[in-house]
Amino acid sequence: MTSSRLRGPARGLTRLLLVVLAALGVQFALAVPTSADPSRADWAKLRMCESTERYHVNTGNGYYGAYQFDLPTWRSVGGTGRPDLATPAEQDYRALRLYRMRGWQPWECAGMVGLVDDADARSKVVPSRAESAYIGGGEPAAPAPPGSPSMPDWPGVVYAYGDCAPQLRTFQLRMNAFGYDFQGTGCYYDETKEAVLDLQRANDIRDSGRLGPKTWKAAWEGTAPR
């Protein structure tokens, strides 16, 4: 976004006009740009340049995911774990948060593809997850799909890798509503751990990989992980 400046006689004439209007009691307002985050197309250009749109890329060079975060930068915007292991929605959210802190400056690719800071750059305003949902083309995540069942009682047990229980089957089948493909074995192995971590990261729960009461509640009442 560029701005033009009045110079020489034009600027003097403008000042004189404002003084006259004020003297006559005429009310006026200066136009102020409205806040507007970068477009979805701008984010797509950035991702294509940084990672060819691969959210889970890890080439071993110390930069991870669609936006090629390094770990210090990722953590500076509240990210936990490793960026390439986070859901696309989580990476989109952290990217928007970084943009509002520092504009396009952290990304070398931004300059390469001609991206320019707008009104929200460096605003320091922490975005909501709904505000970042457009970045990857998704819609704001609903707390639960329409017609979803009410949350069953928390079983009172924190489940971890290797555990098997009927309550774990309940959790697995619930996660199928968010696009997972559980068969409902009731045993906690790799697929269940991935779903638990996705859910924790989408809801700002410490990504311990353990299925505790906060994660259980998020499966029914929190933000969808995908």
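Residues numbered from 1 in each chain as written. Predicted model: local features only at pLDDT ≥ 70, side-chain atom pairs only at ≥ 80, totals over all residues. Heavy atoms only, no water.

### As for the overall build of the protein
A tally of regular secondary structure across the protein gives 9 helices and 0 strands. When its helices and strands are written in sequence order, the protein yields α-α-α-α-α-α-α-α-α. Residues classed as buried in the protein amount to 38% of the 226 residues present. Sequence-distant contacts in the protein: of pairs separated by 6 or more residues, those separated by 24 or more amount to 55%. (Helix = DSSP H or I, 4+ residues; strand = E, 2+ residues; numbered from the N terminus. Buried < 20%, exposed > 50% of the residue type's maximum accessible area, 1.4 Å probe, protein only. Contact = heavy atoms within 4.5 Å.)

### A look at the environment of Ala86
For Ala86, the location among the structural elements is in the loop between α3 (71-76) and α4 (88-102). Using a relative accessible area of 1% as the deciding quantity, one classes Ala86 as buried. For the pair Ala86 and Gln200, spaced 114 residues apart in sequence, the C-alpha to C-alpha distance is 9.9 Å. Excluding its chain neighbours within four sequence positions, the residues that come into contact with Ala86 are His56, Trp74, Gln91 and Arg201.

### Details of the state of the cysteines
This model, assessed by the stated rule, comprises 2 disulfides. Covalently, Cys49 is tied to Cys109 through a disulfide, its sulfur atoms 2.1 Å apart. Where Cys49 bonds to Cys109 through sulfur, the torsion about that S-S bond is close to -75°, and the disulfide is left-handed. Here Cys109 lies in helix α5 (residues 108-112) and Cys49 lies in helix α2 (residues 40-51), a separation of 60 residues in the sequence. Two residues share a disulfide in this structure: Cys164 and Cys187, whose sulfurs sit 2.0 Å from each other. Where Cys164 bonds to Cys187 through sulfur, the torsion about that S-S bond is close to 115°, and the disulfide is right-handed. Of this pair, Cys164 sits in the loop between α6 (129-132) and α7 (166-175) while Cys187 sits in the loop between α7 and α8 (190-202), and the two are 23 residues apart along the sequence. Taking the relative accessible area as the measure of exposure, Cys164 reaches 47% and is therefore partly exposed. Sequence-ordered numbering of the disulfide-bonded cysteines in the protein gives the connectivity 1-2, 3-4. (Disulfide = S-S within 2.5 Å.)

### Focus on the packing of aromatic side chains
Using the criterion set out here, one finds 14 aromatic pairs in the structure. Relative to Trp74, the ring of Phe69 has its centre 5.1 Å away and its plane inclined at 70°; by these criteria the two rings are edge-to-face. There is no split in this pair, since Phe69 and Trp74 are both buried. One aromatic cluster in this structure is built from Trp43, Tyr55, Tyr67, Tyr99, Trp104 and Trp107. Arg129 extends its terminal NZ or CZ atom over the ring of Tyr93, reaching a point 4.3 Å from the ring centre. (Phe/Tyr/Trp six-rings, centres within 6.5 Å; stacked < 30°, edge-to-face > 60°. Lys NZ or Arg CZ within 6 Å of the ring centre and 35° of its normal.)

### Digging into the pattern of salt bridges
Under the counting rule described, the total for this entry stands at 11 salt bridges. Between Arg201 and Asp207 there is a salt bridge; the shortest N-O distance is 3.2 Å. For the pair Arg201 and Asp207, a shared accessibility class is recorded, and that class is buried. (Salt bridge = Lys/Arg side-chain N within 4 Å of Asp/Glu carboxyl O.)

### Concerning the side chain of Asn203
Inspection of the secondary structure puts Asn203 in the loop between α8 and α9 (213-221). Residue classification places Asn203 among the buried residues on the basis of a relative accessible area of 19%.

### What to know about the confidence of the model for the protein
Across the protein, pLDDT averages 80, with 78% of residues at or above 70. For the protein, the element scoring lowest by mean pLDDT is helix α1 (residues 8-23), at 44; α3 scores highest, at 96. Note on residues 138-147: pLDDT under 50 across the span, and 18 contacts to partners over four residues away in sequence or across chains. (pLDDT = per-residue confidence, 0-100.)

### Overview of α9
Listing the buried residues of α9 in full gives Thr215, Trp216, Ala218, Ala219 and Trp220. Looking at the buried positions of α9, the neighbouring elements they touch are α7 and α8.

### What about the packing of α7 against α8?
Axis separation between α7 and α8 bottoms out at 11 Å; the angle between their running directions is 65°. By the angle between their directions, the pair α7 and α8 is classed as roughly perpendicular. Helix-helix and strand crossings are classified by hand; for α7 and α8 the assignment is left-handed. For the pair α7 and α8, contact is made by Phe171, Gln172 and Met175 and by Thr192, Ala195, Val196 and Leu199, respectively. In the contact of α7 with α8, the residues fall into 5 nonpolar, 2 polar and no charged. (Axes fitted to C-alpha atoms, helices over the stretch in contact; angles between N-to-C directions. Parallel < 35°, antiparallel > 145°, perpendicular 65-115°, else oblique. Left-handed = near helix turned anticlockwise from the far one by under 90°. Nonpolar A, V, L, I, M, F, W, Y, C, P; charged D, E, K, R; others polar.)

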